[in-house]
Every structure is written in structure tokens, then in C-alpha cells.
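Observations on chain architecture
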Amino acid sequence: MDLRRSRFSFLTAVPPNNQRDWLRGLRAPRGRIRLTVILGATLLALLSSREARAEFTVCNQTLDVVNLAVGQKVDNADQTDGWWTIGANQCVNVIREELTNRYIYIYATDVFGHATLTGSTEMCIDRRRFSIRGIDDCWQRGHIAARFLEVDTLEQVRWTFFLTGSNP
């Protein structure tokens, strides 16, 4: 055994100077074991890392920046939250826990505040960042009434909505 080389040399990120020797080593039985260990370690690292998964994502497939507000039932009460700014051809995670509501409501405006996505469900919004409980009497409570689009998630726990130029 060559004592100059570490037993764990397969863990180094830099391959040997001679690429052919390195590739030949992977074809040899010992090289296959190294490759298996490397792939196994990579798979284990991927499986053990717990990334936060988005459960309701909105992807802006338009060429414009949009501002997004979201409505849903929270503790048996309607609640709206805003704003998320979504650049052109980008996605934003707006609800990070598994969905418990079949229907999610979204409202989008352009950078000038003009509605770009509207629906038929009236809910409350505000000019600045907000979280509003209840959807009734928006004006009387100092908020703005807006028409949100209803998104049917088909009772899935994860959903992605694609905002295109042809949305209703």
C-alpha cells in the first residue's frame, strides 16, 4: 500500500493531474468502489438535507414585474396577505406549509398598481405590506376591496400557479 496517498483520497474534489489515469482508476474494481462510495455519499447528503419546500408557488411567466396578494382560510376566517414582488420569469413561494384549503385566492397588479389578474371574489388589500383578517366591509375598515381569482388546488397539498399573459 502506498503510504503517501490517503485512504480517503476519493473524497478530494480535485482529480489527479492526469485525467486518463483518474478515469482508468474508476474502471478498475477499486475505482468502482470509490465511485459507489462517492455516489452513495452524495445521495445520502441529498436525502438528509431537509430544504423548506414551497406548498403554493406562483410563477410569473410574463415579461412584467407583478405584485401579488394571496387570500385563504386561516383558523376558519378569511385572511389576505401581501405583497410579494415577482420578477419576469421568476417564481415565489407564497404559502410554505402544506395546503389545507382547496381554494386559494390571488390578486396581481403591475408596478403601477393596475390589476393584471382579477377574479370574482372580493377581498381586502392595502397599499403597503399587509395581513388582513376578514373580507367584509373593506372600505369601512380602512382597506381597499379587490377582486381575487379563485384557484382550485384540487385538494392537493402542493400547487404551482403559472401567471401568464392570458390568465382571466
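Our subject is the structure listed above.
Residues numbered from 1 in each chain as written. Predicted model: local features only at pLDDT ≥ 70, side-chain atom pairs only at ≥ 80, totals over all residues. Heavy atoms only, no water.

Re the sheet that holds strand β1 (residues 56–60)
- Taken in spatial order, the three strands line up as β4-β1-β10 in an open sheet, and their pairing is mixed. Of all the strands in the sheet, just β4 (90–95) and β10 (159–163) have a single pairing partner and so form its edges. The mean angle between the axes of side-by-side strands here comes to 25 degrees, regardless of whether they run parallel or antiparallel. (Pairing = 2+ DSSP bridges. Helix = DSSP H or I, 4+ residues; strand = E, 2+ residues; numbered from the N terminus. Axes fitted to C-alpha atoms, helices over the stretch in contact; angles between N-to-C directions.)

Quick word on the packing of aromatic side chains
- One pass over the structure, following the stated rule, counts three aromatic pairs.
- Pairing Trp83 with Tyr107 gives two aromatic rings, centres 6.4 Å apart and planes at 50 degrees, and the pair type is tilted. Here Trp83, found in strand β3 (residues 77–86), pairs with Tyr107, found in strand β5 (residues 103–109); they are 24 residues apart in sequence, far enough to count as distant. With respect to class, Trp83 is no different from Tyr107; both count as buried.
- An aromatic cluster is present here, built from Trp83, Tyr107, Phe130 and Phe148 joined pairwise through their rings. (Phe/Tyr/Trp six-rings, centres within 6.5 Å; stacked < 30°, edge-to-face > 60°. Buried < 20%, exposed > 50% of the residue type's maximum accessible area, 1.4 Å probe, protein only.)

Digging into the environment of Arg127
- Locating Arg127 in the fold gives a position in the loop between β7 (121–125) and β8 (130–133).
- In this structure Arg127 comes out as exposed when scored by relative accessible area, which is 72%.
- Apart from the residues lying within four places of it in its own chain, the contact partners of Arg127 are Trp83 and Ile144. (Contact = heavy atoms within 4.5 Å.)

What about the state of the cysteines?
- Applying the stated criterion to the full structure yields two disulfides.
- Each sulfur of the disulfide joining Cys124 and Cys138 lies 1.9 Å from the other. Given an S-S torsion of about -90 degrees, the disulfide between Cys124 and Cys138 has left-handed geometry. On the criterion of sequence distance, the pair formed by Cys124 in strand β7 and Cys138 in the loop between β8 and β9 (144–152) is long-range, its members being 14 residues apart. Grouping residues by exposure puts Cys124 and Cys138 together as buried.
- Disulfides within the protein link the bonded cysteines, taken in sequence order, as 1-2, 3-4. (Disulfide = S-S within 2.5 Å.)

Things to note about the side chain of Thr153
- As for its position among the elements, Thr153 is in the loop between β9 and β10.
- In this structure the side chain of Thr153 is engaged in a polar contact, spanning 3.4 Å, whose partner is the backbone oxygen of Asn101.
- Residues contacting Thr153, with those up to four places away along its chain left out, are Phe56, Leu99, Asn101, Arg102, Ile104 and Trp159. (Polar contact = N/O pair within 3.5 Å; in protein donor to acceptor, adjacent residues only side chain to side chain.)

Topic: unusual backbone geometry
- Looking along the chain, the bond that leaves Gly82 and enters Trp83 is cis, with omega of 5 degrees.
- The backbone phi angle of Asp137 is positive, close to 55 degrees, even though this residue is not glycine.
- Following the sequence through the fold, Asp137 ends up in the loop between β8 and β9.

Examining the side chain of Asp110
- The topology assignment puts Asp110 in the loop between β5 and β6 (115–117).
- Separated by 2.9 Å, the side chain of Asp110 and the backbone nitrogen of Phe112 make a polar contact.
- Apart from residues no more than four positions distant in its own chain, Asp110 is found in contact with Val65, Asn67 and Thr116.

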